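Chain and residue survey
One-letter residues, chain by chain:
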Amino acid sequence: KAKQEGRNNYQWFTNDLNQRVGERVVLRNELQKAIENQDFTLYYQPQVDGRSGRVVGLEALLRWEHPSRGFISPALFVPIAEDTGQIIPLSQWVLDTACRQIKELCEQGMTGPSVAVNISPVHFQRSNFVAGISAMLSKHGLDAELLELEITETVLLNNAERAIDTLHQLKRLGVKIAIDDFGTGFSSLNYLKRLPIDKVKIDRTFVQEIISDLHDAAITQGIISMAHHLRLKVIAEGVETEPQFAFLKKSHCDEFQGYYFAKPMPFAELQDFLRARMLTLEPGQPAGK
Ligand code: C2E
Ligand code: MG
Ligand code: MG
Ligand code: MG
């Protein structure tokens, strides 16, 4: 009987939800295997300084290459990994790999760009987070300034005072901090002045409509001006077209990231890319990919 009721309850789910719930369970199990087999790779997307045209940063973006399903988007599996706690080993792997590869670039003479790693709030809020970052820098003999951590406003949600304290500890280590997806959260303005951070990343959704939507243009210029008054750098993400770049540059945005300059690419390709341009990228010369 219980089984029958279970079946009836089951029918409350729409097929769609049903499928999505099933999908999550499957993904969670496969994620476990993937972590054990290290079926991941990091792609890197260049961040370009508007004035010099130099590549000043590289954002590390996690890729899961599934043996039969191909690439699975981090937007899909990171939330699952956060629910299950699998994000911790995954995040360690990302940090370890990013530090090793940026060190490798330095040893090849490609000094200059730092590496930006996305940090889940679940990881950030762990009590041993700062110690882990410190250990990672030591392990690779990496200059702290070459590591940037991208966090979102969500880290302030549960315990803002504690998060701010963690940021101060990271600051003392010497790593850089950027607020990712800036403008999509809710709490930021009140805290922004208290956060020991270096950079604000304007979310792609603003950049997307910057030419066509006066509101997005105004918000973007407001963010840039406010950030500069707080002595923060501003980077725009998701810059896809020349008009977007021109508008942002005119609005005094400092740095740029997006398909207009380069798509995220595997490490080997990145090395060729950096070598070919000798660390410079002429603004206005899209990667063409
Ligand atoms: P994010 O940190 O905001 O990363 C930027 C996303 O925008 C990336 O998607 C990137 O490929 C994409 N992008 C860059 N330029 C353009 C552009 O010009 N046009 C468009 N349409 N998209 C652009 P991706 O790689 O799929 O990553 C999605 C999100 O997954 C990231 O957003 C980040 O929140 C998360 N993520 C990625 N890697 C990691 C990781 O190692 N750890 C954690 N915790 N989260 C990660
Ligand atoms: Mg990011
Ligand atoms: Mg972002
Ligand atoms: Mg994001």
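Since the model is a prediction, treat every value here as computed from it, not as a measurement.

**Quick look at the pattern of salt bridges**
If you walk through the whole model with that rule in mind, you get twelve salt bridges. Between Arg194 and Glu161 there is a salt bridge, and its shortest N-O distance comes to 3.0 Å. Residue Arg194 is found in the loop between helix 8 (188–192) and strand 7 (199–202), and its partner Glu161 is found in helix 7 (residues 160–173); the two are separated by 33 residues along the sequence. Taking the relative accessible area as the measure of exposure, Arg194 reaches 38% and is therefore partly exposed. On the basis of relative accessible area, Glu161 is assigned to the partly exposed category, the value being 47%. Taken together, the shared-partner salt bridges in this structure form one network comprising Glu59, Glu150, Lys201 and Glu237.

**Observations concerning the coordination of the magnesium ion (ligand 3)**
Protein ligation of the magnesium ion (ligand 3) involves Asp180 (OD), Asp181 (OD), Glu237 (OE) and Glu237 (OE), the donor distances falling in the range 2.1 to 2.5 Å. Here the magnesium ion (ligand 2) and the magnesium ion (ligand 3) are spaced 4.1 Å from one another, each receiving a donor from Asp180. With Asp181 in strand 6 (residues 176–182) and Glu237 in the loop between strand 8 (233–236) and helix 11 (242–250), this pair connects stretches of sequence that are 56 residues apart. Overall, Asp181 belongs to the partly exposed group, its relative accessible area being 26%. Given the relative accessible area of 11%, Glu237 is considered buried.

**Overview of the confidence of the model for the protein chain**
Of all residues in the protein chain, 89% have pLDDT values of 70 or greater, and the mean over the chain is 89. Counted against residues more than four places away or in other chains, residues 1–12, with its pLDDT under 50, gives one contact. Among the prediction metrics, the complex's ipTM stands at 0.97, with pTM recorded as 0.90.

**A few points about the coordination of the magnesium ion (ligand 2)**
With distances of 2.0 to 2.2 Å, the protein atoms coordinating the magnesium ion (ligand 2) are Glu59 (OE), Asn118 (OD1), Glu150 (OE) and Asp180 (OD). Sequence spacing of the donor residues for the magnesium ion (ligand 2), all on one chain, is E-x58-N-x31-E-x29-D. Its relative accessible area of 1% is what places Glu150 among the buried residues.

**Some remarks on the layout of surface pockets**
When its volume is computed, the largest pocket comes out at roughly 1,100 Å³. Around the largest pocket sit 36 residues that line it, and Glu59, Leu61, Pro74, Asn118 and Asp180 are the ones nearest its centre. Secondary structure elements with two or more residues in the lining of the largest pocket: strand 2 (55–66), helix 3 (74–84), helix 4 (87–107), strand 5 (147–151), strand 6 and helix 9 (204–208). In terms of residue class, the lining of the largest pocket is built from 15 nonpolar, eleven polar and ten charged.

**Considering the nonpolar core**
Membership of the largest hydrophobic core comes to 83 residues, with the highest contact counts inside it found for Phe40, Leu147, Leu149 and Leu170. When residues in this core are grouped by element, the largest group, ten residues, is from helix 4. In this structure Leu170 touches Phe124, Phe129, Val130, Ile133, Leu149, Val175 and Ile177, once residues within four positions along its chain are discounted.

Thresholds applied
- Residues numbered from 1 in each chain as written.
- Chains lettered and ligands numbered in written order.
- Predicted model: local features only at pLDDT ≥ 70, side-chain atom pairs only at ≥ 80, totals over all residues.
- Heavy atoms only, no water.
- Salt bridge = Lys/Arg side-chain N within 4 Å of Asp/Glu carboxyl O.
- Helix = DSSP H or I, 4+ residues; strand = E, 2+ residues; numbered from the N terminus.
- Buried < 20%, exposed > 50% of the residue type's maximum accessible area, 1.4 Å probe, protein only.
- Donors = N, O, S within 2.8 Å, 3.2 Å for Na, K, Ca; no water.
- pLDDT = per-residue confidence, 0-100.
- Contact = heavy atoms within 4.5 Å.
- 1 Å grid on protein atoms, 1.4 Å probe; cavity = no way out; pocket = protein on both sides within 12 Å on 5 of 7 lines; lining within 4 Å.
- Points joined across faces, edges and corners; volume = space filled by probe spheres on them.
- Nonpolar A, V, L, I, M, F, W, Y, C, P; charged D, E, K, R; others polar.
- Core = buried A, V, L, I, M, F, W, Y, C linked by side-chain atoms within 4.5 Å.

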